[in-house]
Amino acid sequence: MGVGGPGWWRAARALRAASGGWWRAAAPGPGAVGATSRSLCAGGVPGLSYQELKDLKKTNVLHIDVRERWEIDRFGKIPASINIPLGELVEALQMDPTAFKEQYNQKMPSKSDPVVFSCLAGTRSKQALGFATSLGFSRVQQYAGGFEDWVKHEPPEKK
């Protein structure tokens, strides 16, 4: 199931890059995007499967979708995720906990809380993982399949 037709996200990325895009920051550490790890750790680049994410969502994990707001508005989101666009993530993860709660309607994660990042197809979530790790977050993972994989299994939540 294609979301918005082939190539729409490439155009969005090109537009974002032209405006000082999110991929100018350092890339995350070693590891394959498709690697799977059941433990929440920052070693390598953990990648969750659909079922692993679904199971984790039954626990106390914070799921952050780093897509742009217009993507969430247009296509929906994975249930129980919060949206923090990648360009805002580093600042958001360093906010005062009260300001974070006010802006995102969610408790600010501590550096030892489990956090999962997702995006459309894994590129931005991999970067988010690198950003969070560089800020000292120790229990972070990504859902490498992202929204594109999720909608193959179940419908998105509309905003």
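Residues numbered from 1 in each chain as written. Predicted model: local features only at pLDDT ≥ 70, side-chain atom pairs only at ≥ 80, totals over all residues. Heavy atoms only, no water.

Visitor: Explanation requested: the overall build of the protein chain in the structure shown.
Guide: For the protein chain, the count of helices and strands is 7 helices and 4 strands. Listing each helix as α and each strand as β along the protein chain from the N terminus yields α-α-β-α-β-α-α-β-α-β-α. Split into buried and exposed, the 159 residues of the protein chain put 47% on the buried side. Partitioning the intrachain contacts of the protein chain with sequence separation of at least 6 by distance along the chain shows that 63% fall at a separation of at least 24. Of the roughly 7900 Å² that the protein chain leaves accessible, carbon and sulfur atoms contribute 54%. (Helix = DSSP H or I, 4+ residues; strand = E, 2+ residues; numbered from the N terminus. Buried < 20%, exposed > 50% of the residue type's maximum accessible area, 1.4 Å probe, protein only. Contact = heavy atoms within 4.5 Å. Areas by Shrake-Rupley, 256 points an atom, 1.4 Å probe, with all protein chains shown as cover.)

Visitor: So what exactly am I meant to see when it comes to the nonpolar core here?
Guide: The tendency in soluble globular proteins is for nonpolar side chains to be buried side by side. The biggest cluster of nonpolar side chains holds 23 residues, and the ones touching the most others in it are Ile64, Val66, Ile84, Leu89, Phe100 and Phe117. Contributions of two or more residues to this core are made by β1 (62–65), α4 (86–92), α5 (97–104), β3 (115–118) and α6 (123–134). Ranked by the residues each element gives to this core, the list is headed by α6, at 4 residues. Apart from the residues lying within four places of it in its own chain, the contact partners of Ile84 are Ile64, Asp65, Val66, Leu89, Ala92, Phe100 and Tyr104. Core analysis: the second largest hydrophobic core is formed by 13 residues, Leu53, Leu56, Phe75 and Phe147 among them. (Core = buried A, V, L, I, M, F, W, Y, C linked by side-chain atoms within 4.5 Å.)

Visitor: Would you mind going over the confidence of the model for the protein chain with me for this structure?
Guide: Do not read the fine detail of predicted coordinates wherever pLDDT is low. Scored by pLDDT, the protein chain has a mean of 78; 70% of the residues are at 70 or more. Per-residue pLDDT stays below 50 along residues 1–44; that stretch engages in 69 contacts with residues further than four places along the chain or on separate chains. (pLDDT = per-residue confidence, 0-100.)

Visitor: Looking at this structure, how should I read the sheet that holds β1?
Guide: Adjacent strands of a sheet pair through backbone hydrogen bonds, lying either parallel or antiparallel. Pairing in this open sheet of 4 strands is parallel, and the strands run β2-β1-β3-β4 from one edge to the other. Of all the strands in the sheet, the pair left with one neighbour each is β2 (81–83) and β4 (140–142). This sheet shows a mean twist of 30° between the axes of neighbouring strands, independent of strand direction. Here β1 runs beside β3; their pairing, made up of 4 bridges, is parallel. Looking at the pairing, Leu62 lines up with Val115 of β3. Contacting β3 and β4, α6 runs over the sheet at an angle of about 170° to β4. (Pairing = 2+ DSSP bridges. Axes fitted to C-alpha atoms, helices over the stretch in contact; angles between N-to-C directions.)

Visitor: Please clarify how the side chain of Glu71 should be interpreted in this entry.
Guide: For Glu71, the location among the structural elements is in helix α3 (residues 69–75). From its side chain, Glu71 meets the backbone nitrogen of Glu68 in a polar contact 2.8 Å long. (Polar contact = N/O pair within 3.5 Å; in protein donor to acceptor, adjacent residues only side chain to side chain.)

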